[in-house]
Amino acid sequence: GEDVEQSLFLSVREGDSSVINCTYTDSSSTYLYWYKQEPGAGLQLLTYIFSNMDMKQDQRLTVLLNKKDKHLSLRIADTQTGDSAIYFCAESLLYNFNKFYFGSGTKLNVKP
Amino acid sequence: DGGITQSPKYLFRKEGQNVTLSCEQNLNHDAMYWYRQDPGQGLRLIYYSQIVNDFQKGDIAEGYSVSREKKESFPLTVTSAQKNPTAFYLCASSIGFGTGVNEQFFGPGTRLTVL
């Protein structure tokens, strides 16, 4: 099956930029997503990118997609303590629109 | 207020008992999903349903069962055959059919502990 990989932890200081990385193996992805999960809660969609794009910016968030290397990243500018959470990347595939593949999640810790 | 609800938030059961987790949505979504989350393992798909009266196994369906008799509801039963049922269970829904963005909306989760 499809494999989506993320590093487990990232620690940054408040005000710095955070970059969370994700790699995937199936090149037939249609959309790639970034979700945020706060402690004890469900996931919320932060942003997404269509697989034909290579960059998308949304306020403090920048998504970069390198389709050749199957690499997705999420950059959070001016990281705040409220950004501390687990971040998941996910993809949906062309041949099974309704089935998502999630990475293992990256726990972001923002130090004051 | 549209959304997706799960109940209860915390559930305790004795080993060997079946237990049913509730998931309801009023977003008029066709597709619904159940995921299991364990620490450091991300989300693993248990079952999903693309339309009423139809559902497919996900990656870890063994020991679980579902039904989809109504569009709004997708209950998950954790049976005694599930070897390690203690986990955080997340339900989600999405529009379903189409070729555009298929955002999944998540419920708040149910933490099941088997004693």
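Everything below is about the structure shown above.
Being a predicted model, the structure only gives us computed values, none of them experimental.

The next thing to look at is the state of the cysteines. Residue and element names in this part refer to chain B. Here the structure, examined in full by the defined rule, presents two disulfides over all chains. Across the disulfide, Cys23 is cross-linked to Cys91 (sulfur-sulfur distance 1.9 Å). Of note, the bridge from Cys23 to Cys91 carries an S-S torsion of about -75° and is left-handed in sense. Of the two residues, Cys23 sits in strand β3 (residues 19-25) while Cys91 sits in strand β9 (residues 87-94), which places them 68 residues apart along the sequence. The residues Cys23 and Cys91 share a single accessibility class, namely buried.

Counting across every chain of the model gives 16 aromatic pairs over all chains. Through a chain of ring-to-ring contacts, three or more aromatic side chains come together here, namely A:Tyr31, A:Tyr33, A:Tyr35, A:Tyr48, A:Phe50, A:Phe100, A:Phe102, B:Tyr33, B:Tyr35, B:Tyr48 and B:Phe106. Between A:Lys56 and the ring centre of A:Tyr48, over which it is positioned, the NZ or CZ distance is 3.7 Å. One cation-aromatic arrangement involves B:Arg68 over B:Phe74; the distance from NZ or CZ to the ring centre is 6.0 Å.

Residues A:Trp34, A:Leu72, A:Leu74 and A:Tyr87 are the most contacted members of the largest nonpolar core, which totals 21 residues. Examining the composition of this core, we find that four residues originate from one element, strand β9 (residues 85-93) of chain A, more than from any other. Every residue in contact with A:Leu74, bar those within four places of it in the chain, is listed here: A:Ser18, A:Val19, A:Ile20, A:Trp34, A:Leu46, A:Thr47, A:Leu61, A:Thr62, A:Val63 and A:Tyr87. B:Ala61, B:Tyr64, B:Phe74 and B:Cys91 belong to the second-largest nonpolar core, a separate cluster that totals 20 residues.

A separate point is the sheet that holds strand β1 (residues 4-7) of chain B. Residue and element names in this part refer to chain B. Within the open sheet, the four strands sit side by side as β1-β3-β8-β7. Their pairing is antiparallel. Single-partner strands in this sheet number two, and they are β1 and β7 (64-66). On average, each strand axis in the sheet is tilted by 20° relative to the strand beside it, whichever way the strands run. Both β1 and β3 contribute to a ladder of four bridges, which runs antiparallel. Across the sheet, the residue bridging to Ile4 is Gln25, located in β3.

Let us now look at the pattern of salt bridges. Oppositely charged side chains may form a pair once their charged atoms are brought near each other. Under the counting rule described, the total for this entry stands at seven salt bridges over all chains. In this structure, A:Glu38 and A:Lys36 form a salt bridge, with 3.3 Å as the shortest nitrogen-oxygen distance. When its relative accessible area of 12% is taken as the criterion, A:Lys36 is described as buried. Measuring nitrogen to oxygen at the nearest pair gives 3.7 Å for the salt bridge that ties A:Lys68 to A:Asp69. On the basis of relative accessibility, which here comes to 74%, the residue A:Lys68 falls in the exposed class. Connected through shared salt-bridge partners, B:Arg36, B:Asp38 and B:Arg44 make up one network.

Parameters at a glance
- Residues numbered from 1 in each chain as written.
- Chains lettered and ligands numbered in written order.
- Predicted model: local features only at pLDDT ≥ 70, side-chain atom pairs only at ≥ 80, totals over all residues.
- Heavy atoms only, no water.
- Disulfide = S-S within 2.5 Å.
- Helix = DSSP H or I, 4+ residues; strand = E, 2+ residues; numbered from the N terminus.
- Buried < 20%, exposed > 50% of the residue type's maximum accessible area, 1.4 Å probe, protein only.
- Phe/Tyr/Trp six-rings, centres within 6.5 Å; stacked < 30°, edge-to-face > 60°.
- Lys NZ or Arg CZ within 6 Å of the ring centre and 35° of its normal.
- Core = buried A, V, L, I, M, F, W, Y, C linked by side-chain atoms within 4.5 Å.
- Contact = heavy atoms within 4.5 Å.
- Pairing = 2+ DSSP bridges.
- Axes fitted to C-alpha atoms, helices over the stretch in contact; angles between N-to-C directions.
- Salt bridge = Lys/Arg side-chain N within 4 Å of Asp/Glu carboxyl O.

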